Amino acid sequence: MHEMALMGGVFDIIKQYTADLPDKKVTRVTLVVGEMTNAVPEALEAAFEVYAKGTAVEGAELVIRRIPLTACCTACGWQGKVEEHMFICPRCSGLGLEIRSGRELYVESLEVD
Ligand SMILES: [Zn+2]
């Protein structure tokens, strides 16, 4: 499962954050997930629970902030949301779209108690 691998990377980061806080419990993790990662929120949540089990993160709430896939056209300057991963400019039909957002996958914040 793709999301298990993604969540493994997320937990490496969480462990670095919590290494200095051995007595603390993580209550909430906010994750920023771009559309380009193709991660399914339900699968991320399932993977989150697997990784959290037996750690300081167990029982924490997972908040997923989805970032849409947007691009701009290098030919005509069009900017907007890319639907269905169709990398063709809707204005000039050019193929020179540059991704602006949607590749993100990072921990935005951790709340500890
Ligand atoms: Zn264009």
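Only a predicted model underlies this, so the values are computations on that prediction, with no experimental measurement involved.

How each quantity is defined
- Residues numbered from 1 in each chain as written.
- Predicted model: local features only at pLDDT ≥ 70, side-chain atom pairs only at ≥ 80, totals over all residues.
- Helix = DSSP H or I, 4+ residues; strand = E, 2+ residues; numbered from the N terminus.
- Buried ≥ 20, exposed ≤ 12 C-beta atoms within 10 Å, placed from the backbone.
- Contact = placed C-beta atoms within 7 Å.
- Pairing = 2+ DSSP bridges.
- Axes fitted to C-alpha atoms, helices over the stretch in contact; angles between N-to-C directions.
- Parallel < 35°, antiparallel > 145°, perpendicular 65-115°, else oblique.
- Left-handed = near helix turned anticlockwise from the far one by under 90°.
- Nonpolar A, V, L, I, M, F, W, Y, C, P; charged D, E, K, R; others polar.

**Brief notes about the overall build of the protein chain**
No. 1: Each helix and strand in the protein chain was counted, giving 2 helices and 6 strands.
No. 2: Counted from the first residue to the last, the protein chain has its helices and strands arranged as α-β-α-β-β-β-β-β.
No. 3: Expressed as lengths along the three principal axes of its C-alpha atoms, the size of the protein chain is roughly 55 × 25 × 15 Å.
No. 4: Residues counted as buried form 19% of the 113 residues belonging to the protein chain.
No. 5: Expressed as a percentage of contacts within the protein chain between residues at least 6 apart in sequence, the contacts between residues at least 24 apart total 71%.

**Overview of the sheet that holds strand S3 (residues 70-73)**
No. 1: The 3 strands lie next to each other as S4-S3-S5, forming an open sheet whose pairing is antiparallel. Both edges of this open sheet fall to strand S4 (79-81) and strand S5 (97-101), since each of them pairs with a single strand only. Across this sheet, the average inter-strand angle for adjacent strands is 35 degrees, counted without regard to direction.

**Quick notes on the sheet that holds strand S6 (residues 105-112)**
No. 1: Strand order in the open sheet formed by 3 strands is S2-S1-S6, with mixed pairing between adjacent strands. Looking along the sheet, the strands with just one partner apiece sit at the ends: strand S2 (61-67) and S6. For this sheet the average axis-to-axis angle between neighbouring strands, irrespective of direction, equals 15 degrees.
No. 2: Pairing of strand S1 (residues 26-34) with S2, which is carried by 7 bridges, proceeds in the parallel orientation. Across the sheet, residue leucine 31 finds its bridge partner in S2, namely isoleucine 64.

**So, the packing of helix H1 (residues 2-18) against helix H2 (residues 41-52)**
No. 1: For the pair H1 and H2, the least separation of the axes is 9 Å and the interaxial angle reads 50 degrees. By the criterion of interaxial angle, the relationship of H1 to H2 is oblique. Handedness of the crossing formed by H1 with H2: right-handed. Touching Glu3, Met4, Met7 and Phe11 of H1 are Ala43, Leu44, Ala47, Phe48 and Tyr51, all from H2.
No. 2: Of the residues assigned to the contact of H1 with H2, the class counts are 8 nonpolar, no polar and 1 charged.

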